[in-house]
Amino acid sequence: MKKRYPILILIVVVIFAFSCGNSKKAVTITDAEKEAFKQVEGDTIEIVNAEVEYEIIIIEPGFNIWLQSVARPEGYYSQSFMENRNQLMVMEWNRRVLQSDFFDPNLYEMQIDYRQGIDYGYEVNYKLYNYFIYFQRKYRQRLGPFFPRI
């Protein structure tokens, strides 16, 4: 009976050690991404949906090149998938804007007004989602529980 406790404790420790393993995965940056990330001249992407009077202007060097050469094409993701991911990432983004003592205010400058239940359309969701992926990969940030992969 006394021999079972050390074995049981050993099993628990081994299970705990495996479950606490490093959960971070390395994000592999492609050559095309490296080229986009090297850009220094500002790309300006305007995301507009006139029906809901919504506009986002992204001034980010390399994003337009990345969007055209690296990002998945339009139609790859469903609108509902991108809406769900955008909702999570916008909440985290806005939290970081408000906590400028903990997060770089040069990265998180302005809040994003993205409301659940509003149909912003496919294009707005597509470009916003891909900007979040681009941003996370370029600046090695994580705006949610998902790895920013392509």
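Our subject is the structure listed above.
Within each chain, residues carry numbers counting from 1 in the order of the written sequence. With pLDDT at 70 or above as the cut-off, local features in this predicted model cover only qualifying residues; side-chain atom pairs require 80 or more to be listed or tallied, and sums for whole chains, interfaces and linings still use all residues. Side-chain descriptors were evaluated using all non-hydrogen atoms of the structure, hydrogens and water having been removed beforehand.

Observations regarding the side chain of R96
Helical segments are the DSSP runs of H or I of at least four residues, strand segments are the runs of E of at least two, and each set is numbered from the N terminus. Relative to the helices and strands, R96 resides in helix α4 (residues 79–98). Each residue is assigned to one of three classes by its accessible area relative to the maximum for its type, calculated with a 1.4 Å probe on protein chains only: buried under 20%, partly exposed between the two thresholds, exposed over 50%. Using a relative accessible area of 9% as the deciding quantity, one classes R96 as buried. Side-chain polar atoms of R96 contact the side chain of Q141, separated by 3.2 Å. Residues adjacent in sequence count toward polar contacts only when both atoms are side-chain atoms; beyond that, a polar contact is any pair of N or O atoms within 3.5 Å, and within protein one must be able to donate a hydrogen and the other to accept it.

Quick look at the packing of α4 against helix α5 (residues 122–139)
Between α4 and α5, the shortest axis-to-axis distance is 9 Å and the interhelical angle comes to 50°. Regarding the angle of α4 to α5, the classification is oblique. Every pair of crossing elements has a handedness; the one defined by α4 and α5 is left-handed. Side by side, α4 and α5 meet where Q79, F81, M82, E83, R85, N86, M89, V90 and W93 of the first sit next to Y122, N125, Y126, L128, Y129, Y131, F132, F135 and Q136 of the second. Three classes are used, and their members are as follows: Ala, Val, Leu, Ile, Met, Phe, Trp, Tyr, Cys and Pro are nonpolar, Asp, Glu, Lys and Arg are charged, and the others, Gly among them, are polar. The residue makeup of the contact of α4 with α5, split by class, is twelve nonpolar, four polar and two charged. Between the N-to-C directions of two axes lies an angle of 0 to 180 degrees, each axis being a line fitted to C-alpha atoms and, for a helix, fitted only over the stretch in contact. Reported orientations rely on four angle classes, namely roughly parallel under 35 degrees, roughly antiparallel over 145, roughly perpendicular from 65 to 115, and oblique for the rest. Helix crossings are classified by the rotation of the near helix relative to the far one: an anticlockwise turn of less than a right angle makes the crossing left-handed, while a clockwise turn makes it right-handed. Whether two residues are in contact is decided by their heavy atoms: any pair within 4.5 Å suffices.

Let's talk about the packing of aromatic side chains
Aromatic ring pairs are described here by two measures, namely the spacing of the ring centres and the angle between the planes. Here a Phe, Tyr or Trp ring, Trp counted by its six-membered ring, pairs with any other such ring whose centre lies within 6.5 Å, and the pair is stacked when the planes are under 30 degrees apart, edge-to-face when over 60, and tilted otherwise. Applying the stated criterion to the full structure yields 20 aromatic pairs. Centre to centre, the rings of F103 and Y108 are 6.2 Å apart; their planes meet at 75°, and the pair counts as edge-to-face. Aromatic pair Y131 and F135: ring centres 6.1 Å apart, planes at 40°, arrangement tilted. Remark: F135 and Y131 occur in helix α5; sequence separation between them is four residues, near one turn of the helix. Both residues of the pair, Y131 and F135, belong to the buried class.

Digging into the pattern of salt bridges
The rule for a salt bridge is simple: a side-chain nitrogen of Lys or Arg has to be within 4 Å of a carboxyl oxygen of Asp or Glu. Scanning all chains against the criterion turns up five salt bridges. In this structure, the salt-bridge partner of E60 is K138, at a minimum N-O distance of 3.4 Å. Of the two residues, E60 sits in the loop between β2 (54–59) and α3 (63–69) while K138 sits in helix α5, which places them 78 residues apart along the sequence. The closest approach of N and O atoms between R95 and E92, which form a salt bridge, is 2.6 Å. With R95 and E92 both in helix α4 and three residues apart, this pair spans about one turn of that helix. Judged by its relative accessible area of 34%, R95 falls in the partly exposed class.

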